[in-house]
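One-letter residues, chain by chain:
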Amino acid sequence: MKKLAFIKRSNGNHWVGDGFPVQSIFSYRDIASDISPFLLMDYAGPTTFEPTTHRRGVGQHPHRGFETVTIVYDGQVSHHDSTNAGGTIGPGEVQWMTAGSGIIHEEYHGDDYARSGGPFEMIQLWVNLPAKDKMTAPGYQGITHAQIPEVSLPEKAGKVRVIAGEYAGNTGPAKTFTPMNVWDVRLNAGTRTTFTLPEGHTTAIFVLHGAVKTGEVHTIRPAELAVMQREGNELVLQAQQDTTLLLLNGEPLNEPVIGHGPFVMNSWEEIDQAINDYNQGRFATA
């Protein structure tokens, strides 16, 4: 059975543009080696926005060397980037963007949501690329609710929506560069669930709503990330309440992580090159 290594809580609150009031749960500056291949998690909400005609969000900004994964629980997010890719997603949907060799993108509230207002909740996760793929061509995956397999857990314990990876023979639609599982999990109060995961891989759960115990002792509550030890291949969760959580599991890269703002590479020389390439207009263009 996997044991809890530690619980990570927010590094603090801040706004990303004027549309995303986020808690920074972790980043490549704090637990990079423990959480590889994942780099960063921002949790926006839960909050409520009033109706508006103003375009709320964050304008054009660059990335290189990793992927951004935006998961919407409430509200609506629109994306557009310098490859001319993009789209709008709503509850239960995902935008998986590969920055690779360099991309410039912008993210805003969807027009329909902005006009109506209402509850807003989302996660943005950064996923590292291995050194050999950091300069891969940029790409974009818009993943709809209907594309994500939804699998019932045994004994009516809840359900798993497989965004990436595989659960019980069901494969998620997201294409990844290294082995990983990204699951949207809903657990019913009073149930006990065992997940079998690869030995030696990073495993973490982030609770959005409710509360779960890992094993018999530690209770994980909203806006808390439980990082598990890599030994063992069984993760046991006991739902204390009806719970919504994000399960992250992936093969560690075991490579240097050197980050500077929106660029994450393997050396400072590569960071300097990224800054220079961006300033010289060498990132992806439509």
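Residues numbered from 1 in each chain as written. Predicted model: local features only at pLDDT ≥ 70, side-chain atom pairs only at ≥ 80, totals over all residues. Heavy atoms only, no water.

1. Quick word on unusual backbone geometry
The test is simple: Strands here are runs of E lasting at least two residues and helices are runs of H or I lasting at least four, both read from the DSSP assignment and numbered beginning at the N terminus. Buried residues are those whose accessible area, probed at 1.4 Å on protein chains only, stays under 20% of the maximum for their type, while exposed residues exceed 50% and partly exposed ones sit between those limits.
Cis geometry marks the peptide bond from Ser36 to Pro37, where omega comes out at 15°. Its place among the elements puts Pro37 in the loop between α1 (32–35) and β4 (38–49). Residue Pro46 follows Gly45 across a cis peptide bond; omega there is -5°. Note on placement: Pro46 falls in strand β4. One non-glycine residue with positive phi stands out, namely Ala168, at about 50°. Among the structural elements, Ala168 can be located in the loop between β15 (166–167) and β16 (170–171). Note on Ala168: relative accessible area 56%, which makes it exposed. The backbone of Ala223 shows a phi angle near 70°, a positive value even though the residue is not glycine.

2. Remarks on the sheet that holds strand β18 (residues 192–196)
Which entries qualify depends on this criterion: One bridge is not enough; two strands pair if DSSP finds at least two bridges between them. Orientation is described by lines fitted to C-alpha atoms, with helices fitted over the stretch in contact, and by angles between N-to-C directions that extend from 0 to 180 degrees.
In spatial order, the strands read β18-β23-β20-β21; together these 4 strands make up an open sheet with antiparallel pairing. Looking at strand neighbours, the two that pair on one side only are β18 and β21 (218–220), the edges of this open sheet. Taken pair by pair, the neighbouring strands of this sheet meet at an average axis angle of 30°, ignoring direction. Pairing between strand β20 (residues 212–214) and β21: 3 bridges, direction antiparallel. From the neighbouring strand, Thr214 faces β21, where its bridge partner is His218.

3. A short note on the nonpolar core
Using the following cut-off: Among the buried residues, those of types Ala, Val, Leu, Ile, Met, Phe, Trp, Tyr and Cys that are joined through side-chain atoms within 4.5 Å form a nonpolar core. Contact criterion: two residues are considered in contact whenever any of their non-hydrogen atoms come within 4.5 Å of each other.
Core analysis: the largest hydrophobic core is formed by 30 residues, its most contacted members being Phe26, Phe38, Met41, Trp96, Val182, Phe206 and Leu225. When neighbours within four sequence positions are excluded, Phe38 is seen to be in contact with Phe26, Leu125, Trp126, Val127, Met180, Val182, Leu248, Asn249 and Gly250. Membership of the second largest hydrophobic core comes to 23 residues, among which are Leu4, Leu197, Met228 and Leu247.

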